[in-house]
Amino acid sequence: AKLKVEAFVTLVINQSEITVSEKDEKATFTATEGFDSYNWTCGEQTGTGNEFIIDITKLKVGEYDVVVTEKKGTKEYEATAKLKVEAFVTLVINQSEIKVNETEEKAIFTATEGFDSYNWTCGEQTGTGSEFAIDITKLKVGEYNVTLKATKDGKEYEAVAKLKVEELSIVLIINQSEIKVSETEEKATFT
């Protein structure tokens, strides 16, 4: 009887996680050599060979799974790694929350300058530009999300702030705490 000994094969992606900026052009993952075939995927991108170069310019900010399936003979192996694409530019609404009372006419939100386009929304109201003036007279008492979507170099960014429209509470103040009148006067006036 002959004893057949098979080598134990382990598939490993040498980089378990790579973090890049969206401004970077590429990220490279490599897998264990010696397999018959390699099939890589990351989002819509695919590759073959034990090295996989991902085009970062085609990805949005976020986290992606990098998966490789490989064959050795009739057996199939799979390994996964992470690719994190971080924002190079940060979009910020300078006011995280504005509180106004219902009698005020407007609330103004501003954002980071330097983006190619700005699209603001708050309820039915919309605006463009790095500043957004919201007409309070068109809103009811309540809380609203102020959403901004901005683009730079073809990439979209989003930020959200809050607008609280509060009820106007009226406090009546009598300016004179005491008025002395003589019995011959006909009236006393309080303001």
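For the structure given in this document, a descriptive report is provided here. Please read these numbers as outputs of a predicted model, since none were measured by experiment.

Soluble globular proteins tend to pack their nonpolar side chains together in the buried interior. Judged by nonpolar contacts, the single largest core of 25 residues is most densely connected at L91, F109, W120, I134, I136, V146 and L163. Secondary-structure elements contributing two or more residues to this core are β8 (97-101), β9 (106-110), β10 (117-122), β12 (131-135), β13 (142-152) and β14 (155-166). The biggest single contributor to this core is β14, with 5 residues. For L91, the residues in contact, after removing those within four places along its chain, are A111, T112, F115, L148, A150, Y157, E158 and A159. Among the nonpolar cores identified, the runner-up in size contains 23 residues, and F29, L59, Y77 and L83 belong to it.

For L168, the position within the fold is in the segment after β14. Look at L168 and you get partly exposed, because its relative accessible area is 36%. Placed 67 residues apart in sequence, L168 and N101 show a C-alpha to C-alpha distance of 5.5 Å. Apart from residues no more than four positions distant in its own chain, L168 is found in contact with N101, E102 and T103.

What follows covers the sheet that holds strand β7 (residues 75-86). Sheet strands line up and pair through hydrogen bonds in the backbone, either parallel or antiparallel. The sheet built from 5 strands is open, its strands ordered β1-β7-β6-β3-β4 with mixed pairing. Two strands bound the open sheet, and with one partner strand each, they are β1 (17-21) and β4 (45-47). Strand after strand, the sheet turns through a mean of 20° between neighbouring axes, direction not considered. Relative to β7, β1 runs parallel, the two sharing 5 bridges. Directly across from T19, in β7, lies its bridge partner K84.

In spatial order, the strands read β8-β14-β13-β10-β11; together these 5 strands make up an open sheet with mixed pairing. One side of each edge strand has no neighbouring strand; the edge strands of this open sheet are β8 and β11 (125-127). Neighbour-to-neighbour, the strand axes of the sheet open up by a mean angle of 20°, direction not taken into account. In terms of strand pairing, β10 meets β13 through 5 bridges, oriented antiparallel. Looking at the pairing, Y118 lines up with A150 of β13.

With that out of the way, let us pick up the pairing of strand β5 (residues 51-55). Of the two faces of β5, the one lined by F52 and I54 is fully buried and the one lined by E51, I53 and D55 carries no buried residue. Note: strand β2 (residues 26-30) against β5, 5 bridges, orientation antiparallel. Across the sheet, A27 pairs through a bridge with I54, a residue of β5.

Time to look at the side chain of Q125. Topologically, Q125 is positioned in strand β11. The buried category is assigned to Q125, whose relative accessible area is 13%. Side-chain polar atoms of Q125 contact the backbone nitrogen of D135, separated by 2.8 Å. If we skip the residues at most four places from it in the chain, Q125 touches W120, F132, A133, I134, D135, K138 and L139.

So, on to the pattern of salt bridges. Within this structure, the stated rule accounts for 7 salt bridges. A salt bridge links E97 to K164; the shortest N-O distance between them is 3.6 Å. Of this pair, E97 sits in strand β8 while K164 sits in strand β14, and the two are 67 residues apart along the sequence. Classification of E97 as partly exposed rests on a relative accessible area of 37%. Residue classification places K164 among the partly exposed positions, given a relative accessible area of 23%. Between K162 and E143 there is a salt bridge, with the nearest N and O atoms lying 3.8 Å from each other. A residue pair is termed long-range when its members are at least 10 positions apart, and K162 in strand β14 and E143 in strand β13 qualify at 19 residues. The exposure class assigned to E143 is partly exposed, which follows from its relative accessible area of 47%.

Reading the values: rules and limits
- Residues numbered from 1 in each chain as written.
- Predicted model: local features only at pLDDT ≥ 70, side-chain atom pairs only at ≥ 80, totals over all residues.
- Heavy atoms only, no water.
- Core = buried A, V, L, I, M, F, W, Y, C linked by side-chain atoms within 4.5 Å.
- Buried < 20%, exposed > 50% of the residue type's maximum accessible area, 1.4 Å probe, protein only.
- Helix = DSSP H or I, 4+ residues; strand = E, 2+ residues; numbered from the N terminus.
- Contact = heavy atoms within 4.5 Å.
- Pairing = 2+ DSSP bridges.
- Axes fitted to C-alpha atoms, helices over the stretch in contact; angles between N-to-C directions.
- Polar contact = N/O pair within 3.5 Å; in protein donor to acceptor, adjacent residues only side chain to side chain.
- Salt bridge = Lys/Arg side-chain N within 4 Å of Asp/Glu carboxyl O.

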